[in-house]
Amino acid sequence: MAIRHIVTEGDEILRKKCREVTEVTDRIKMTLEDMLETMHSEFGVGIAAPQVGVMRRMFIAEPEEGRIYYMINPEILETEGSQMSCEGCLSVPGLVGDVERPERIKIKAMDLDGNEQVYEFEGFDATVMCHENDHLDGILYIDKAENIRKPEAPEEGDEE
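Residues numbered from 1 in each chain as written. Predicted model: local features only at pLDDT ≥ 70, side-chain atom pairs only at ≥ 80, totals over all residues. Heavy atoms only, no water.

**Some details on the pattern of salt bridges**
In plain terms, the rule: What counts as a salt bridge is simple: a side-chain nitrogen of Lys or Arg found within 4 Å of a carboxyl oxygen of Asp or Glu. By definition, any uninterrupted DSSP run of H or I lasting at least four residues is a helix, any uninterrupted run of E lasting at least two residues is a strand, and each is numbered from the N terminus. Per-residue accessibility, obtained with a 1.4 Å probe over protein chains only, is compared with the maximum for each type, and a residue is labelled buried under 20%, exposed over 50%, and partly exposed between these values.
This structure, assessed with the given rule, holds 16 salt bridges. One salt bridge in this structure joins glutamate 64 and arginine 67, with 3.0 Å as the shortest N-O distance. The partner of lysine 108 in a salt bridge is glutamate 75, with the nearest N and O atoms 3.6 Å apart. On the criterion of sequence distance, the pair formed by lysine 108 in strand β6 (residues 104-110) and glutamate 75 in strand β3 (residues 67-80) is long-range, its members being 33 residues apart. In this structure glutamate 75 comes out as partly exposed when scored by relative accessible area, which is 41%. Members of the salt-bridge network, linked through shared partners, are Glu87, Arg101, Asp134 and Lys144.

**Brief notes about unusual backbone geometry**
Positive phi, close to 60°, is recorded for phenylalanine 43, a residue that is not glycine. Within the fold, phenylalanine 43 resides in the loop between α1 (26-41) and β1 (46-48). A relative accessible area of 76% places phenylalanine 43 in the exposed class. Unlike most non-glycine residues, asparagine 73 shows phi in positive territory, near 55°. Tracing the backbone through its elements, the reader meets asparagine 73 in strand β3.

**Here's the deal with the packing of aromatic side chains**
Applicable threshold: The rule is short: rings of Phe, Tyr and Trp, with Trp giving its six-membered ring, pair when the centres are within 6.5 Å, and they are stacked under 30 degrees, edge-to-face over 60, tilted in between.
In total, this model carries three aromatic pairs according to the counting rule given. With 5.5 Å between their ring centres and 85° between their planes, tyrosine 69 and tyrosine 119 make a pair best called edge-to-face. You can see tyrosine 69 sitting in strand β3 and its partner tyrosine 119 sitting in strand β7 (residues 116-122), a full 50 residues away along the chain. We note that tyrosine 69, like tyrosine 119, is buried. Taking the centre distance of 5.8 Å and the plane angle of 25° together, the rings of tyrosine 119 and phenylalanine 121 count as stacked. The exposure class assigned to tyrosine 119 is buried, which follows from its relative accessible area of 19%. By way of ring pairs, the aromatic residues Tyr69, Tyr119 and Phe121 are connected into one cluster.

**A closer look at the side chain of histidine 131**
For clarity, the threshold we go by: We call two residues in contact when some of their heavy atoms are within 4.5 Å.
Considering the arrangement of structural elements, one finds histidine 131 in helix α2 (residues 124-135). Here histidine 131 is in contact with Glu87, Gly88, Cys89, Arg101 and Tyr141, once residues within four sequence places are set aside.

In structure tokens:
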């Protein structure tokens, strides 16, 4: 595995629509493992292929430590409700913004073994999946966000 360079805002790659993965090959698996290592190195909860310069429809999400989802050719089947979330992005360092996302989603994708899976997510998990899925269509959270700002540093004495 290897840590890859993260593409940042301003690079046209982030604005392009990704191509489908036609077969889950060893190279695709290695790319996903590299993405996972890269995401962990930056303390992220998700990373999409275009963020490492790979124009394929796949992302990894880890909304909770140890609960990793490999999403290949994801397709959101259903959305329900609405929630506001404060989001940041490895490709837009140093900023956060408030984004309206669905409260619940149903998403279909192939897993690391090429098997089709259907997942249901809600709350923070749904936000992460929608954020990463947007990357595959060239959409960044800042395109949808309100109140884009530098994150507030915790005040001295506050617990994190």
